[in-house]
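Below, each chain spelled out in residue letters.
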Amino acid sequence: MGDFFMALVESTDQARRDFETHPVALGAVADGLSVERYRKLLLELYQIVWHFNPVCAAAASRIPDSHRQVRYFLYRHMQEESGHEQWVGNDLEAIGVASATLPSHRPSASTLAVIGYNYWTADRRDPCSVLGMMYALEVIASVYGGAFASAVRESLLLVGDRGVSFIGSHATMDTEHMVHLREILNTVEGDSARQAIVESALVNFEFVTRIFAEI
Amino acid sequence: MNVPRPDSGIPGLLARPYRFLRLEWTSDLALLRVRTCVTPIQCFSLAGIAEMQRVLDDISLNPGLVRHLVVSSDVTGVFNFGGDLSLFSLLVRAQDAESLRLYGRKCIDMVWWLETAAQRGVHTTVLVQGDTLGGGLESVMPFHKVIFERSAQAGFPEVLFNLFPGMGAWHYTIRKAGFAVANDMVLSGKLFTAEQLYRRSLVDLVVDDGRGEAALDHVVRSIDPRLRGTLVALQGQRLAAPITYESLSATVDLWAEAALALTTRDLRLMERLARAQVRKVGGADEGALHEIKRIELDTAWGEERTGITEWTTLG
């Protein structure tokens with residue numbers, strides 16, 4: 001297909017569908033989750049969200065001037081995402097997990113692995129790889145987040161956005177995150193950067209799927 | 001079932017490692033049977049489309065080898081749910097018209113192959129044994145013979161979320177059943193039983209559940225002795241009521257533009273359908289068809305519309 005965004009969609013489509021069709025993800029979207037499992041999931045997601053901006057910052061600091069537009073994109077995106085871990089914290093509070101307990105939570109091996117990978121690939125592989133992480137997380141949040149939030153809301157009898165503010169936050173069209181991500185991805189030149197982005201998206205889809213599978 | 005020696009075209013085709021298709025070869029009829037299985041949600045995923053197109057291309061590259069192409073689904077209760085709704089959602093959220101167009105073109109490339117199959121010396125038959133929606137129904141209509149088992153239901157629900165079926169629905173419904181039926185089917189978003197589709201000339205044969213395989217065998221074996229004449233006649237039929245690739249392609253362009261205008265509400269309705277598909281996959285009695293009925297009823301109540309009485313007859 002034509003541009004790099006579509007190439008990325010195609011290259012990672014099966015990984016996206018592997019997430020979508022994993023029995024746990026299927027069940028979560030169709031019927032929601034028990035409160036225990038939803039707590040486990042949010043506790044893992046908290047770690048990923050908490051490290052999202054530091055990973056972006058690490059990448060931004062290493063991006064060469066030839067890709068300065070990506071650096072500026074990351075600055076803006078970090079500003080938008082700043083504080084979103086608090087949304088996860090609020091949702092956890094709504095389902096009975098005190099914020100004070102968050103620092104003592106020990107992330108799963110899959111969560112640690114994907115966070116570690118994201119730092120490593122930004123540092124050692126190619127800093128543009130951060131766009132692969134953003135793509136995978138944005139697809140999961142925007143494409144599946146709305147349905148997942150609805151299912152959890154129904155299964156746990158939550159009211160409004162209480163308890164699902166984070167997972168439902170990227171599902172509306174007005175955020176335009178995917179539009180901006182497509183636009184910046186289509187500016188990325190060079191096989192090395194593009195391959196690193198595809199690899200990062202695949203790894204992030206894979207590990208988020210594992211995180212779901214393990215809850 | 002005889003598999004030819006691995007040095008000819010068909011064995012090469014059969015030997016390919018397919019993930020979403022299961023192929024069988026019946027040598028006395030030169031019949032290639034393709035069973036689709038895009039698990040767990042049977043739809044037109046990019047990878048599924050690519051595999052099907054590879055099969056069609058392989059048939060084209062080996063002219064004369066395949067006389068009959070027969071397609072059915074390996075997924076119980078589902079023929080095909082149509083487009084990959086999550087992929088649509090992704091591309092709409094990215095406002096990526098070009099990728100939507102390219103996806104649509106991949107779909108009409110399959111449609112076009114079926115439209116021109118007689119010219120390639122291939123007679124095509126499809127057996128539908130479960131729900132088929134949107135693009136799933138569009139994919140059925142270009143086949144020369146369409147067989148439905150009695151419990152199968154089908155429809156074009158796209159209008160319920162402010163879209164329309166853009167990969168041949170208008171063309172083939174108009175050709176087979178006329179404008180009035182096409183308007184009714186595409187603009188209402190209603191579901192139709194196998195019998196209703198048969199009465200509208202969109203299905204050639206309705207058989208009782210479990211009798212589909214026997215019907216397939218009967219159809220293919222009755223056509224095979226007069227295949228040359230049938231194929232020439234079918235080419236003539238298509239000359240008499242032509243459908244062009246350009247027209248299909250222009251419709252895809254319109255569909256892609258329309259998709260870009262979908263709102264959050266429209267995407268939510270799509271997501272409801274997707275969730276319902278998932279429930280069906282999970283073994284629930286109610287699936288996408290029931291959800292369509294609910295969406296239509298919700299819409300009708302919300303907008304105080306009328307004309308939904310047929311829904312009650314389809315439960």
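Conventions used here
- Residues numbered from 1 in each chain as written.
- Chains lettered and ligands numbered in written order.
- Predicted model: local features only at pLDDT ≥ 70, side-chain atom pairs only at ≥ 80, totals over all residues.
- Contact = placed C-beta atoms within 7 Å.
- Helix = DSSP H or I, 4+ residues; strand = E, 2+ residues; numbered from the N terminus.
- Nonpolar A, V, L, I, M, F, W, Y, C, P; charged D, E, K, R; others polar.
- Axes fitted to C-alpha atoms, helices over the stretch in contact; angles between N-to-C directions.
- Parallel < 35°, antiparallel > 145°, perpendicular 65-115°, else oblique.
- Left-handed = near helix turned anticlockwise from the far one by under 90°.
- Buried ≥ 20, exposed ≤ 12 C-beta atoms within 10 Å, placed from the backbone.
- Pairing = 2+ DSSP bridges.

Asks: Can you lay out the interface of chain B and chain A for me, pointing to particular residues and giving the numbers?
Replies: Counting residues at the interface gives 26 residues for chain B, matched by 26 residues for chain A. Those elements that provide at least two residues to the side of chain B that touches chain A are helix H2 (46-61), helix H3 (85-93), helix H4 (97-115) and helix H12 (264-281) of chain B. For the side of chain B that touches chain A, the leading source of residues is H12(B), giving nine residues. Here the side of chain B that touches chain A is composed, by residue class, of 11 nonpolar, eight polar and seven charged.

Asks: Can you explain unusual backbone geometry? Please cite residues and give values.
Replies: As a rule of thumb, non-glycine residues mostly have phi less than zero, and peptide bonds are mostly trans rather than cis. All names here are of chain B. Residues other than glycine seldom take positive phi values, yet Asn 162 does so here, at roughly 65°. Here Asn 162 is to be found in the loop between strand S8 (153-155) and helix H6 (169-177). Residues other than glycine seldom take positive phi values, yet Ser 201 does so here, at roughly 65°. Position of Ser 201 among the secondary structure elements: in the loop between helix H8 (194-199) and strand S10 (205-207).

Asks: Lay out the packing of helix H2 (residues 13-20) of chain A against helix H10 (residues 191-214) of chain A with the relevant residues and their values.
Replies: In a pair of packed helices, the angle between the axes and the distance between the axes together describe the arrangement. All names here are of chain A. For the pair H2 and H10, interaxial distance at closest approach is 9 Å and the crossing angle is 10°. As far as their axial angle goes, H10 and H2 are roughly parallel. Contacts between H2 and H10 pair Ala 15, Arg 16, Asp 18 and Phe 19 from the former with Leu 202, Phe 205, Glu 206, Val 208 and Thr 209 from the latter. Among the residues making up the contact of H2 with H10, the classes are represented as five nonpolar, one polar and three charged.

Asks: Can you explain the packing of helix H4 (residues 35-62) of chain A against helix H6 (residues 84-94) of chain A? Please cite residues and give values.
Replies: Residue and element names in this part refer to chain A. The N-to-C vectors of H4 and H6 enclose an angle of 165°; their axes lie 9 Å apart at closest approach. The angle between H4 and H6 places the two elements in the roughly antiparallel class. The crossing of H4 and H6 is left-handed. Of the residues in H6, those in contact with Arg 39, Leu 42, Leu 45, Tyr 46, Val 49 and Trp 50 of H4 are His 84, Glu 85, Val 88, Gly 89, Asp 91 and Leu 92. Within the contact of H4 with H6, the residues separate by chemical class into seven nonpolar, two polar and three charged.

Asks: Break down the pairing of strand S3 (residues 68-73) of chain B for me, citing the residues and quoting the values.
Replies: A regular strand carries its side chains on alternate faces of the sheet. Residues and elements named next belong to chain B. Within S3, six of the six residues are buried, which leaves the element mostly enclosed by the surrounding structure. Burial along S3 is two-sided: His 68, Val 70 and Ser 72 and Leu 69, Val 71 and Ser 73, pointing in opposite directions, are all buried. Bridging between strand S2 (residues 31-36) and S3 involves six bridges; their strand directions are parallel. Paired with Leu 32 across the two strands is Leu 69, which belongs to S3.

Asks: Describe the sheet that holds strand S5 (residues 123-128) of chain B, naming the residues involved and giving the relevant values.
Replies: Residues and elements named next belong to chain B. Strand order in this open sheet of six strands is S1-S2-S3-S5-S7-S10, and the pairing throughout is mixed. The open sheet has two free edges, formed respectively by strand S1 (21-26) and S10, since each of these has just one partner strand. Between one strand and the next, the sheet's axes are offset by a mean angle of 20°, whatever the strand orientation.

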